[in-house]
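Now for the letters of each chain:
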Amino acid sequence: MTESAVKPDKAYTNDEIYARLQKAVQEHRLTPGTRLVEERLGELAGVSRTKIREVLSRLAHEGLVTLVPNRGAFIASPSVAQARDVFVTRRMIEPNMASMLSSRATPAQIRTLRRHSKQEQEARAKDDRPTIIRLSGELHVLIAQMVGNEILLRLMRELTSLTCLIITLYDKPNTPACPHTEHADLIDAIEAKDGARAARCMADHLMHIEHTLNFDVADADPPEIESLFD
Ligand SMILES: [Zn+2]
């Protein structure tokens, strides 16, 4: 009980708790299937279980958390079908999003994208995988933010967080999240105001990420019981 006796210095707001949990998922520090104990989270964040429940239901709404009646909240484990749906959706949205930004990106926005890409490169040099994975996803969110469409931004936050869970579950060992040169190529195309090229870069890039995943193993369902008695 000594652990739980430690009181946090302050009570975190719902948004802060939400952001921390989301970041932990993005950095693979909370992996699929991890149980999120309301009471313990409440103690750590200095808030009531009711507040924790509010945050968890928001995360559940976004598909990051699964709420199981009488058992509690768990970090979601997207199925192969859900993972494929996420990538189909990303391929529908993101090439257009990149093309839209190409036509309107300001020099300041290009500088921000370059700075982000440099941070990614630094994380790579240090082989800091949690940061690499988080920053890779964030670049996509940043592009949505720059396009200036709130609904698109919300959707991209959700899709990139789900992608992080999918990468945790289905990654082939030792493959990087987003190949860094592809982000650089994408930023080049946006800076050149070449919408068609930016869209192509994004489509190829998403295809490459999907190809680093191994859905075959997970696709192999256990044998149906009927087949046991053939
Ligand atoms: Zn990427």
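Throughout what follows, the structure given in this document is the object of discussion. Predicted model, so just to flag it, every value in this text is computed and none were measured.

Looking at the pattern of salt bridges
Considering all chains together, one arrives at 16 salt bridges under this definition. Its salt-bridge partner being R197, residue D194 comes within 3.9 Å of it at the nearest N-O pair. One network of salt bridges, in which partners are shared, links E27, R29, R134 and E138.

Points about unusual backbone geometry
Positive phi outside glycine occurs at D127, with the angle close to 55°. You will see that K193, though not glycine, has its phi angle at about 55°, which is positive. Take K193: it is sitting in the loop between α9 (180-191) and α10 (195-211).

Considering the packing of helix α3 (residues 38-45) against helix α4 (residues 49-61)
One can describe the packing of α3 onto α4 by two numbers: an axis separation of 8 Å at closest approach and a directional angle of 110°. By the angle class used here, α3 and α4 are roughly perpendicular. Along its contact with α3, which presents E38, E39, L41 and G42, the element α4 presents R49, I52, R53 and L56. Of the residues belonging to the contact of α3 with α4, the class tally is three nonpolar, one polar and four charged.

Observations concerning the environment of R49
With respect to the helices, strands and loops of the structure, R49 is situated in helix α4. Residue classification places R49 among the partly exposed residues on the basis of a relative accessible area of 39%. Placed eleven residues apart in sequence, R49 and E38 show a C-alpha to C-alpha distance of 5.8 Å. Sequence-distant contacts of R49, defined by excluding residues within four places in its chain, comprise E38 and E39.

Regarding the packing of aromatic side chains
Under the definition given, this model contains one aromatic pair. Aromatic side chains Y170 and F215 sit 5.3 Å apart centroid to centroid with 75° between the ring planes, which places their arrangement in the edge-to-face category. Taken together, the residues Y170 in helix α8 (residues 150-170) and F215 in the loop between α10 and α11 (216-219) connect sequence positions 45 residues apart. You'll find Y170 and F215 in the same group, each marked buried. Just above the ring of Y18 sits the side chain of R58; from NZ or CZ to the centre is 3.5 Å.

Rules used in this analysis
Residues numbered from 1 in each chain as written. Predicted model: local features only at pLDDT ≥ 70, side-chain atom pairs only at ≥ 80, totals over all residues. Heavy atoms only, no water. Salt bridge = Lys/Arg side-chain N within 4 Å of Asp/Glu carboxyl O. Helix = DSSP H or I, 4+ residues; strand = E, 2+ residues; numbered from the N terminus. Axes fitted to C-alpha atoms, helices over the stretch in contact; angles between N-to-C directions. Parallel < 35°, antiparallel > 145°, perpendicular 65-115°, else oblique. Contact = heavy atoms within 4.5 Å. Nonpolar A, V, L, I, M, F, W, Y, C, P; charged D, E, K, R; others polar. Buried < 20%, exposed > 50% of the residue type's maximum accessible area, 1.4 Å probe, protein only. Phe/Tyr/Trp six-rings, centres within 6.5 Å; stacked < 30°, edge-to-face > 60°. Lys NZ or Arg CZ within 6 Å of the ring centre and 35° of its normal.

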